[in-house]
Amino acid sequence: MSTHRRRMPGMATLCKPAVSVPEYVITMEDTLEFAKKVHKGKPQLPLALRLIQKTGVRKRHIVQPIEKTLLHPGFEERNRIYELESKKRCPEVIENALANAGLTAQDIDAIIYVSCTGFMMPSLTAWLINTMGFRYDTRQIPIAQLGCAAGGAAINRAFDFCEAHPDSNVLIVSCELCSLCYQPVDDNVGSLLSDGLFGDAVAAAVVRGNGGTGVRLERNASYLIPNTEDWISYAVRSTGFHFQLDRRVPGTMEPLAPILRQLAADHGWNVANLDFYIIHAGGPRILDDLCKYLNVDRGMFRHSWSTLSEYGNIASAVVLEALRRLFEEDEMLPGGSGIIAGFGPGITAEMAVGSWVTDVPRSRQATPIAASATPLV
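First, a word on scope: everything that follows refers to the structure included in this document. (Residues numbered from 1 in each chain as written. Predicted model: local features only at pLDDT ≥ 70, side-chain atom pairs only at ≥ 80, totals over all residues. Heavy atoms only, no water.)

**Concerning the environment of asparagine 188**
Within the secondary structure, asparagine 188 is located in the loop between β7 (169-177) and α7 (189-195). Taking C-alpha positions, asparagine 188 is 30 Å from leucine 320, a pair spaced 132 residues apart along the chain. (Helix = DSSP H or I, 4+ residues; strand = E, 2+ residues; numbered from the N terminus.)

**Here's the deal with the pattern of salt bridges**
Tallied over the entire structure, the rule returns 20 salt bridges. Measuring nitrogen to oxygen at the nearest pair gives 3.2 Å for the salt bridge that ties glutamate 23 to arginine 89. With a gap of 66 residues between them, glutamate 23 in the loop between β2 (18-20) and β3 (24-27) and arginine 89 in helix α4 (residues 75-100) connect regions that are remote in the sequence. For glutamate 23, a relative accessible area of 27% puts it in the partly exposed group. Across the salt bridge formed by glutamate 218 and arginine 216, the nearest N and O atoms sit 2.8 Å from each other. By relative accessible area, glutamate 218 is classed as buried at 7%. Relative accessible area serves as the criterion here: at 30%, arginine 216 is assigned to the partly exposed category. Overlapping salt bridges, with partners in common, bring together Lys16, Glu310, Glu321, Arg324, Arg325 and Glu328 in one network. (Salt bridge = Lys/Arg side-chain N within 4 Å of Asp/Glu carboxyl O. Buried < 20%, exposed > 50% of the residue type's maximum accessible area, 1.4 Å probe, protein only.)

**What about the pairing of strand β5 (residues 110-114)?**
The element β5 is extensively covered by neighbouring structure, given that five of its five residues are classed as buried. What you see with β5 is no split at all: Ala110, Ile112 and Val114 on one side and Ile111 and Tyr113 on the other are buried throughout. Tracing the backbone out of β5, into helix α5 (residues 124-132) and back to the parallel element strand β6 (residues 139-143) gives a crossover that is right-handed. Bridging between β5 and β7 involves five bridges; their strand directions are parallel. Its bridge partner lying in β7, valine 114 is registered against serine 174. (Right-handed = clockwise from strand over helix to strand, strands pointing away. Pairing = 2+ DSSP bridges.)

**Overview of the layout of surface pockets**
Reported here for the second largest pocket is a volume of approximately 150 Å³. Taken together, Tyr82, Tyr113, Ser115, Gly118, Phe119, Met120, Ser123, Leu124, Pro142, Ile143 and Ala144 make up the lining of the second largest pocket. Broken down by class, the residue content of the lining of the second largest pocket amounts to eight nonpolar, three polar and no charged. (1 Å grid on protein atoms, 1.4 Å probe; cavity = no way out; pocket = protein on both sides within 12 Å on 5 of 7 lines; lining within 4 Å. Points joined across faces, edges and corners; volume = space filled by probe spheres on them. Nonpolar A, V, L, I, M, F, W, Y, C, P; charged D, E, K, R; others polar.)

**Details of helix α10 (residues 302-311)**
Two residues of an α-helix separated by three or four positions point the same way, owing to the 3.6 residues in each turn. Of all 10 residues making up α10, seven are buried, and the element is well covered by its neighbours. Looking at the residues trailing α10, positive phi occurs at glycine 312, about 75 degrees.

**Regarding helix α1 (residues 28-38)**
Within α1 the residues assigned to the buried category are Met28, Thr31, Leu32, Phe34 and Ala35. Projected onto a plane normal to the axis of α1, the buried residues spread over an arc of 170 degrees and lie on a single side. Residues Glu29 and Lys37 are exposed on α1 and point more than 90 degrees away from its buried face. At its buried positions, α1 is contacted by β3, α2 (45-54), β4 (59-62), α3 (66-70) and α7. (Arc of directions from axis to C-beta. Contact = heavy atoms within 4.5 Å.)

Here is the structure:
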């Protein structure tokens, strides 16, 4: 089963991400109460409540109080809030990510911006360049339609850019305000489940073409499961983006596990015997099944499980937040092998393998700012 991979020299290093979540918190208990109130008496409600309880999402962070989120002001107003909040929340996270990589805005050669929860044209990349001191010849690579897979795709495209342009540095920015896509009138089981699963977050990380501490990216691959394009999708209506989730989605790890296994094998590695796993936390079944099919101990996915429990599914930001937790654990030894995987609409998998490296950054350094995943207030 070929996915047209090639061996790559792998000099690009994915540095420590910075992540921030909004200040408004909604617990699982809150979610269940609001679901009972908004969808009272509907036959699908009991099933949805059971599924929400099984998500393992203890709490999520959202950009507005839940009472305000429940009121739908219309697509135009929601998109205005998206633009306002993304401009408010991204700069600090980006500054922290640059500091983590020992670089400044002037050192960045390309910005990859991923988001599936709002729309802007020009992309937020133009605003970032104009307001944060990036060079005016910085390449802009916005990715809007890969959903949760976009975090993995951004890492892979950053690696590809560094391979094509040696010694370049690429900034990845993920801004996912999933609560702005909540549709109170949608009451199918998939919609009700997603209302209890998704959270908001902003994340950023730098891929350095030379130097840096973190994951040295060595090989990547993409894979589309045939004829599943309608399993995860948006219906775009006058009221905005309506998330559609097929009940077969949680079963997709069975066909994807062999792809991950083959990617590792092509690199001379056994996927069941790696040192770290940064996996998209799409939901508990996704993580449980992948552990089973890869023959990996559940504890090896601990960073993904923690992200899901504390923040919910934060779409493309999941892999960056799980990676941040790996850095914070501070137990990885140089040479440790690992895999990064994001899954999303298509159904698409974006995967990479790499090794842990510790390096002294180049002489041009920013003053370190501690990255955190605490609420941005």
